Structure formats: C-alpha cells, structure tokens
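Here is how the chains run, residue by residue.
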Amino acid sequence: MISVDKLKKCDFKIIFVYEDESINANRNLYDLPEKINKVFHKKYKTSIPFIEEGGVSLLYVGLGEKTKFGFNKIKDIVAYSIKQIKKYEVEDISVDISMFLKEYDVRCIKDVVLGINLGLYELKNYKTSKKQGKCNIFIQGYEGYNEERIVEDISLGTNISDGVMLARDLVNTPANMLTPIIMAETIASIYEGTAVDVEVLDENYIKDIGMEAFYTVGKSSGNPPRLIVLRYLADPSSKDITALVGKGVTCDTGGYCLKPSNSMDGIKGDMAGGAAVAGAIYSLAKNNVKANVVGVIPAAENRISRESFIPGDVIGSMSGKTIEVLNTDAEGRLILADAVTYAIQKEGASKIIDIATLTGSVVNALGFSTAGVLTNNDKFFKEFKEAYSTSGEKYWRFPICDEHRDMIKSNIADIKNTGKSYCGTITAGLFIEEFVENMPWIHLDIAGTAWVDTPLYEYQSKGATGAGVTSMYYLFLEKE
Ligand code: BES
Ligand code: ZN
Ligand code: ZN
C-alpha cells in the first residue's frame, strides 16, 4: 500500500542524492552527515544507511551525476532503493521524492509508484514454508506540490503496476496450474467488477466458427483451448476499435517437432503475449482511460497426442486461407492468425496489435532488453514509439520486403508456417500480416523480453517481466 504522509515517522526513510549536488549550508535532510559525506560517493545505484539512534533510520541513495540521470531511470533507482530495505523486516518505509519533483514535477509520481511496487514484487512460490512480507510505503517530501494530484497519480500508478504484476503472475504460474481453461477463469475472476466485458469461448465454438488453425493447435492436448475476449469500450465518441491480440500458449512443447529438453525451460511462459494483453486492459479499465480496446487471447497447449497435427499437414483458417504446416513448433502464428481474423470479423477491430513470444530468432537478433516490431503503418508505429518512450521499454523495428514475403509462399497452400532458416522474426510476423486485411497493424515479438533469468533492471525480478503492458497502456492515453 502506498499513501502520502508528510510527517509519518517510519522504520526507514529513503533519500536520493545527486553526485554533484552541492551540500546545502543550511542543514536540512539533504545535507549528508559529515561522516557519510566523506565516504559515500553517491554514484548511481549505490547507497549507505544511516542508523539514527532513537530516530528514523535513513538510506541515502546515489543518483550519480545530475546530467546523466534521466526520467526513465526513476523506476530503476526507486526499485533499487526498496530492494535494499525490503530484505530487513521493516513495517513501513518512507520515500522522499523531493529530488524527482524538483526535476520532473508530478509526472514523476507514476514512475515512483511503479518502482516501489515492482521493486516489492515477489515471485509467487509454492514452498510449504513460504513467508510473504508486506510493508507500507509513505511518500514524503512533496511540500509545495498539489497533494490531491499526487494522491490521484499514486492511484493511477498503482493500477498500472497492478497490470504489470497481473501479467507477471500469469506468466510465472506453472503450466499444470494454468491450463487454457484455468487461464480463462483466472482472467475472468480478476476482471469481475471492472468495466470490461469478458467472454470465454470454448473449443466447440472455436471449431464451429471456423478457427481451424487455432483449433488444430488446441486439440493437440487433452486440455482444450479457450478464446478469451475482453471488451473495454469506453469511448463512445470514436468508432475506432483497437484489438490487442496476445499469444496464449500455456505450454509449448513444440508438438511433434518436439523441443530439445534444454529448450523447454520457459515453455510455461509462452502465454506472455496474452498475459500482457490482460494486464494492459486491466490498467486501462482501472484508470478509466477513454479508449475502445478489445483483447483477444487464444489460449491453447501445444503438445503431442493422437490428435496432434504433424508436419506436412495442410489446414484451413477462419479467413479461408489455407496453411501448409512445416513445423508444429511454429504454433503461435497459427493461433494468432485466427485470433486476428476473429478480432476483425467478430469484434469489428479497425487497428491491430499482436503481441507474442513468437521466435527464438528475435532473441538472437536483439537479446533480452529489446523486443522486435513489424508494422505496415508508419503513423501507427509513431504513436507506439511515443508510448514506449514514455514506458521506457525498448523496441526495434524490422524491415519488410517482398523478398521476405516470398519466403513463406507455399507450393500447395496459400501460405506456409515457416520460412526455413534466416530472418525468422520477419517471416513469423509476415505470416500474421497475411491475416490483417490491410488494417493498421503492429506486431510485437517479446520472446526475448518477457522473461529474465538474470534481471537487467532493478524493477525486474527473476522470471516474468510483464513486457508490453506499460507500452500498450500508454498508447491509449490522451496526449497531454
Ligand atoms: N514459443 C516459441 C518461441 C520462443 C523461443 C519463445 C524462445 C521464447 C523463447 C515458438 O513457438 C517457437 O517455437 N518458434 C520457433 C519457430 C520455428 C520452428 C520456425 C523458433 O523460434 O524456433
Ligand atoms: Zn513453438
Ligand atoms: Zn510458442
């Protein structure tokens, strides 16, 4: 819980200091005690505690040089500070944000809140002896600023971080505890009481409306597929409906093109695109953002069974296009193709974003910090670029050429589901492009960014990152 309280004396108070900020002659909080000033160099992401006898203990946190510190570092340094203290069993912590307010005004609040909540985020564990510490956080150091606005922004920021943590929780859940049915039920129950209409369509419906590509993947498992539809229609003044289509493969063994066992590590996380969609729409709805957004999450397992599809099969799709399956491990694009068609035909989508842990190639190309983008629309991408510069996430746009499109042409069907080797991220995205019917479309391949074994930033923890949630959220905010 984060609240404001100018005067509350907490177990610990966090104070941020720039490396080159001169020490004020009038002694105040930011004048480091002489002893500390001598030994503490205030470099970025360093800290030193100052335990006052009988008073509030302080944690001084270095921000580094003022010119090198930027808005996008707030989340990181706040999460760092919280992590320094959360290892102790403290009940309450206060965070003095005056340094950030001075530089960035109240627009720093959301990022401070994200830093706090994501810094406190703990991987749900299934140890029988689990212990989950909770502590209260108090924002301080805002004298002279509008308290009401700060309280409001704390609430907005909390709803954004809740969306990120919702996505993380879903992705971190083991596949046996998150089948497509459970994923649908979990999302439906989380959305109860919100302005989002949740509809869950079962395998019979999926089959009946001709989602053959999705159904083909889903029937490979005894745990049947579900299509999860989230309708958030909160802008009656606009006819635009943006579909967020997220890959929801709750476990990807590769199917008959079985993954080698050392590649099976993250198979439970193959629904991170779907989880990001659920997280982003959750934040939008909780914050009453004026937008028309429909989330479409095809949830399925990709497994081996008597019913599984095999390489060489030719299957249909909801769009009517036929697909030659060359690799059963390229299942994501199959379910997304039908989900995109569903979004256009059944939900009236006029713009499309699809998000998926789609290719190993994107990890080879961009690593774990940067996700891949393909798009057919410069204007839409420009808007998305603004959104991700606000969120601080990193994306990189890949080129599209006809030569790339040629790589997925099939001799016996309209299209094939792999392009042999080379530029796998591009060919995977272009497969989906075949189904977007020339609507403005952005494709996000988050296979590298959805999961970290070693966190890259302080606001991450080992496991799911919640990639995509904040950038998709910011896309729908009205520009200030
Ligand atoms: N879910 C995987 C992609 C993936 C790889 C996600 C690594 C996270 C980490 C996807 O379904 C897949 O297996 N893609 C194949 C496609 C290939 C067979 C054309 C890949 O990228 O190897
Ligand atoms: Zn796969
Ligand atoms: Zn997959």
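Here the structure is shown first, and the text comes after it.
Reference entry: report on the structure contained in this document. This is a predicted model, so every value here is computed, not measured.

Concerning the sheet that holds strand β13 (residues 323-324)
Spatially, three strands are ordered β12-β13-β17 in an open sheet, and the strand pairing comes out mixed. Looking along the sheet, the strands with just one partner apiece sit at the ends: β12 (314-315) and β17 (415-416). Summarising the sheet, β12 and β13 pair through two bridges and their orientation is antiparallel. The residue of β13 that forms the bridge with V314 is E324.

What about the side chain of T418?
As for its position among the elements, T418 is in the loop between β17 and α14 (424-433). Judged by its relative accessible area of 14%, T418 falls in the buried class. Those residues in contact with T418 that lie beyond four places of it in its chain are L326, N327, A330, R333, M407 and I408.

Side note on the sheet that holds strand β5 (residues 92-96)
Pairing within the open sheet is mixed, and its six strands lie in the order β1-β6-β5-β2-β4-β3. Of all the strands in the sheet, the pair left with one neighbour each is β1 (2-4) and β3 (47-50). Averaged over all neighbouring strand pairs, the angle between strand axes comes to 25°, with direction disregarded. Where strand β2 (residues 12-17) lies against strand β4 (residues 57-62), six bridges are found, and the strand directions are parallel. Across the sheet, K13 pairs through a bridge with L58, a residue of β4. In the packing of helix α4 (residues 109-120) onto the sheet, contacts are made with β1, β5 and β6 (136-140), and the angle to β6 comes to roughly 160°.

Comments concerning the site of ligand 1
Taken together, 14 residues lie around ligand 1, and K259, D270, D329, E331 and G360 are the ones closest in. Residue K259 places a side-chain N or O atom 2.9 Å away from an oxygen atom belonging to ligand 1. The contact in question runs from a nitrogen atom of ligand 1 to an N or O atom on the backbone of L358, over 3.4 Å. Isolated, ligand 1 exposes 520 Å² of accessible area, and the fraction of that covered by the protein chains is 70%. In the shell around ligand 1, the residues fall into two nonpolar, five polar and seven charged.

Thoughts on a nonpolar patch on the surface
Taken together, the side chains of Y256, L258, I304 and I310 present a nonpolar region at the surface, about 370 Å² in accessible area. In this structure, I304 sits in the loop between β11 (292-302) and β12.

As for the coordination of the zinc ion (ligand 2)
Here the zinc ion (ligand 2) is held by the protein donor atoms D252 (OD), D329 (O), D329 (OD) and E331 (OE), which lie 2.0 to 2.2 Å from it. Given six donor atoms and angles of 71 to 168° at the metal, the environment of the zinc ion (ligand 2) is assigned as irregular. Site description for the zinc ion (ligand 2): donor spacing in sequence, D-x76-D-x1-E.

Digging into the environment of T359
Position of T359 among the secondary structure elements: in the loop between β14 (351-356) and α11 (360-366). Distance from T359 to K385, taken between C-alpha atoms, is 22 Å for residues 26 residues apart in sequence. Not counting residues up to four positions away in its chain, the partners in contact with T359 are R333, G424, T425, A428, D445 and A447. Within the local environment of T359, its side chain forms a polar contact with the side chain of D445, the two groups lying 2.6 Å apart.

Considering unusual backbone geometry
Peptide bonds are trans in most cases, and residues, glycine excluded, mostly fall at negative phi. We note that K45 has phi near 65°; this positive angle belongs to a residue other than glycine. Residue position: K45 is located in the loop between α1 (34-39) and β3. Relative accessible area serves as the criterion here: at 30%, K45 is assigned to the partly exposed category. Unusually for a residue other than glycine, D105 sits at a positive phi of about 60°. Relative to the helices and strands, D105 is located in the loop between α3 (98-104) and α4.

Quick look at the packing of aromatic side chains
Aromatic rings in a pair are described by how distant their centres are and how their planes are angled relative to each other. A full pass over the atoms with the stated rule returns 13 aromatic pairs. Centroid distance Y457 to Y459: 5.3 Å. Interplanar angle 5°. Geometry classified as stacked. Given the relative accessible area of 23%, Y457 is considered partly exposed. Residues Y473 and Y474 carry aromatic rings whose centres are separated by 5.3 Å and whose planes lie at 75° to one another, so their mutual orientation is edge-to-face. Classification of Y474 by relative accessible area gives buried; the value is 8%. Each member of the aromatic cluster is reached from another via a ring pair, and the members are F16, Y18, Y44, F69 and F100.

Cut-offs used in this document
Chains are numbered independently. Their residues run from 1 in the order of the written sequence. For naming, the first written chain is A and the first written ligand is 1, with later ones following in the order written. Restriction of local features to residues with pLDDT of at least 70 applies here, the model being predicted, together with a cutoff of 80 or more for giving and counting side-chain atom pairs; totals for whole chains, interfaces and linings are based on all residues. Just so you know, side-chain values use all the structure's heavy atoms and leave hydrogens and water out. Two strands make a pair as long as DSSP finds a minimum of two bridges between them. A helix here means a DSSP run of H or I that spans at least four residues, while a strand means a run of E at least two residues long, and both kinds are numbered starting from the N terminus. For every residue, the accessible area obtained with a 1.4 Å probe (protein chains only) is divided by the maximum for its type, and the residue is called buried under 20%, exposed over 50%, and partly exposed between those limits. Any two residues whose heavy atoms approach within 4.5 Å are treated as being in contact. The axes used here are C-alpha line fits, helices contributing only the stretch in contact, and every angle between their N-to-C directions lies in the interval 0 to 180 degrees. By convention in this text, a residue qualifies as near a molecule or strand provided that one of its non-hydrogen atoms is within 4 Å of it. Whenever two N or O atoms come within 3.5 Å, that pair is a polar contact, provided that in protein one can donate a hydrogen and the other can accept it, and provided that, for residues adjacent in sequence, both atoms are side-chain atoms. For every accessible area listed, the method is Shrake-Rupley and the probe measures 1.4 Å; residues are considered covered only by the protein chains on display. Following the grouping adopted for this structure description, the nonpolar residues are Ala, Val, Leu, Ile, Met, Phe, Trp, Tyr, Cys and Pro, the charged ones are Asp, Glu, Lys and Arg, and the polar ones are all others, Gly among them. A patch consists of residues exposed above 30% relative accessible area that lack any salt bridge, with like charges linked at up to 9 Å and nonpolar side chains (Val, Leu, Ile, Met, Phe, Trp, Tyr) linked at up to 5 Å. The rule for a salt bridge is simple: a side-chain nitrogen of Lys or Arg has to be within 4 Å of a carboxyl oxygen of Asp or Glu. Listed donor atoms are N, O and S within 2.8 Å of the metal (Na, K and Ca: 3.2 Å). As water is not included, a site may look incomplete. Every geometry call rests on angle ranges, with four donors termed tetrahedral when all angles are between 85 and 135 degrees, four termed square planar and six termed octahedral when opposite donors are over 155 degrees apart and all others are between 65 and 115, and everything else termed irregular. Side-chain rings of Phe, Tyr and Trp (the six-membered ring for Trp) are treated as a pair once their centres are within 6.5 Å; stacked means planes under 30 degrees apart, edge-to-face means over 60, and tilted covers the remaining angles.

This is a description of form; function is not addressed.
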